[in-house]
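Understanding the architecture of this molecule
The primary structure of each chain is shown beneath.
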Amino acid sequence: MYQILILITVIALVYLIARLARKPKVNISEKSTEMVKCKNCDLNLPKSEAIQSGENWFCSEAHKD
Ligand SMILES: [Zn+2]
């Protein structure tokens, strides 16, 4: 009987540790989806997809000019 209780405890601990370990990854993805506005057409897009030129952000190379 004790073996079953130990097994359940171990599974619960592994599950909790796995959940805690995933949290930092979520924070990183939130940072990478920070939105910026295109200086040319006011389109909002993720920083990772935007093109930076000095202090300004653009949605595409065409709008950079
Ligand atoms: Zn644009």
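Here goes a summary of the coordinates provided. (Residues numbered from 1 in each chain as written. Predicted model: local features only at pLDDT ≥ 70, side-chain atom pairs only at ≥ 80, totals over all residues.)

Attention shifts here to the overall build of the protein. Helices and strands together make up the secondary structure of the protein, namely two helices and four strands. Of the regular secondary structure in the protein, the N- to C-terminal order runs α-β-β-β-β-α. A buried classification covers 6% of the 65 residues belonging to the protein. (Helix = DSSP H or I, 4+ residues; strand = E, 2+ residues; numbered from the N terminus. Buried ≥ 20, exposed ≤ 12 C-beta atoms within 10 Å, placed from the backbone.)

A few words now on the environment of Gln52. Within the secondary structure, Gln52 is located in strand 3 (residues 51–53). Between the C-alpha atoms of Gln52 and Cys38, which are 14 residues apart in sequence, the distance is 9.4 Å.

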